[in-house]
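If you want the building blocks of each chain, they are given just below.
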Amino acid sequence: MAFPTETVYGLGADASNSAAVARIFAAKGRPQDHPLIVHLAGVELLPQWAREFPPAAQKLATAFWPGPLTLILKRADGVPDCITGGQDSVGLRIPGHPLALALLKAFSGEASGRRFSGVAAPSANKFGRISPTTAEHVRAELGDAVDSVLDGGECDVGIESTIVDLSRGPAVLLRPGQITPAQIAAVIGAEVELPDAAAPRVPGALDSHYAPRTPLALVIASELPARLAALRGKKVAVLSRTESPSGLKDVSWQTAPRAVAGYAHELYASLRRLDALGCALILVEAPPATPEWQGVNDRLRRASSSSY
Ligand code: TXA
Ligand code: MG
């Protein structure tokens, strides 16, 4: 079943049921060794999944859960390999969407008395493609591969959760998101490190992730007119935080919100819309390179194709 979270829609399955989890991998076309995030109804379920809950994790859980933050912790005994990708850690999150929480609470009520209660859910898109932020996106993306979609309207945040690894000592940022490293550092009282070579695998860390089918290029605002002039005669889409200049031919111009929250909220829907136009290229005007834009800039960089 697909369901909304405050970040993106997830494709959920009973995290303790290997056969159900296998269906997620099949529906997404995702490599089997990529770990999944387990979504929980409440912190009381954490000991089922994590064998250590260090002080930094407690502080972050108190500050940001329910919310768009995933914590990587040392896995508890018996957590299935299909969830962890065979690693000694597990990704956990209490999502901040009322429908997701209602689903998780109903599920953990049903599962009470069982050893594990949690819903494994990757983003409900085909592997490597743009995450869905509406129920329609999920249906368009996965079709009959998903039996039902809980419709909770548009996802508020619009990009995937911030992932922080606390399983190997100091906090390491594995995936930027709406919650910034500065916010995390302020809560735990220590800097957040960037991943090194020993960091666990994150598919989001592969090049060409979150990608539309149309080639996408990031351009700085001052270079946009020259890029458009060079592409004259071709059908081009533009995503920009400023209004369209007048007199452009063959250009589908989409004006994005100026502030980061609105921009992230609309980003994936805009990319899907522009992708469907059959243009030769999507030009995205690069947003500011400031910390609050890190999550958005990360997704745009991965969506951009190396050939342009
Ligand atoms: O916002 C989100 O996090 C959404 C919603 C549905 O909750 N979920 C999501 O799941 O983005 P997915 O599977 O598309 O991305 C989860 C990321 C992957 O990059 C995965 O590698 C990483 O989390 N991950 C999960 N468990 C991990 C672990 N034990 N160690 C390192 N990375 C892990
Ligand atoms: Mg994903």
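For the structure itself, consult the block above.
Computed from a predicted structure; not experimentally measured.

A. Local environment of the packing of helix α3 (residues 55-64) against helix α7 (residues 181-188). The N-to-C vectors of α3 and α7 enclose an angle of 120 degrees; their axes lie 9 Å apart at closest approach. When the axes of α3 and α7 are compared, the pair comes out oblique. When you trace α3 past α7, the crossing you get is right-handed. Where α3 abuts α7, its residues Ala56, Lys59, Leu60, Ala63 and Phe64 lie against Gln183, Ile184, Val187 and Ile188. Taken together, the residues that form the contact of α3 with α7 break down as seven nonpolar, one polar and one charged.

B. Layout of the nonpolar core. Ranked by size, the top nonpolar core spans 57 residues in total, and within it Leu60, Leu69, Leu71, Ile83, Leu92 and Leu166 carry the most contacts. Residue contacts for Leu166: discarding those within four places in its chain leaves Pro54, Ala56, Ala57, Leu60, Leu71, Ile72, Leu73 and Ala171. By size, the runner-up hydrophobic cluster in this structure holds 23 residues, among which are Ile130, Ala264, Leu274 and Val296.

C. Region of interest: the sheet that holds strand β8 (residues 162-165). The mixed open sheet is built from seven strands, whose spatial order is β3-β7-β4-β6-β5-β8-β9. Both edges of this open sheet fall to β3 (13-14) and β9 (172-175), since each of them pairs with a single strand only. Bridge count for strand β5 (residues 69-74) against β8 is four bridges, and the pairing is parallel. Within the sheet, the bridge partner assigned to Thr70 lies in β8 and is Ile163.

D. Molecular detail of the sheet that holds strand β10 (residues 216-219). Strand order in the open sheet made by the four strands is β10-β13-β11-β12, with parallel pairing throughout. Looking at strand neighbours, the two that pair on one side only are β10 and β12 (251-255), the edges of this open sheet. Each adjacent strand pair in this sheet contributes to an overall mean axis angle of 20 degrees, direction not counted. As paired elements, β10 and strand β13 (residues 281-285) share four bridges and run parallel to each other.

Reading the values: rules and limits
Residues numbered from 1 in each chain as written. Chains lettered and ligands numbered in written order. Predicted model: local features only at pLDDT ≥ 70, side-chain atom pairs only at ≥ 80, totals over all residues. Heavy atoms only, no water. Axes fitted to C-alpha atoms, helices over the stretch in contact; angles between N-to-C directions. Helix = DSSP H or I, 4+ residues; strand = E, 2+ residues; numbered from the N terminus. Parallel < 35°, antiparallel > 145°, perpendicular 65-115°, else oblique. Left-handed = near helix turned anticlockwise from the far one by under 90°. Contact = heavy atoms within 4.5 Å. Nonpolar A, V, L, I, M, F, W, Y, C, P; charged D, E, K, R; others polar. Core = buried A, V, L, I, M, F, W, Y, C linked by side-chain atoms within 4.5 Å. Buried < 20%, exposed > 50% of the residue type's maximum accessible area, 1.4 Å probe, protein only. Pairing = 2+ DSSP bridges.

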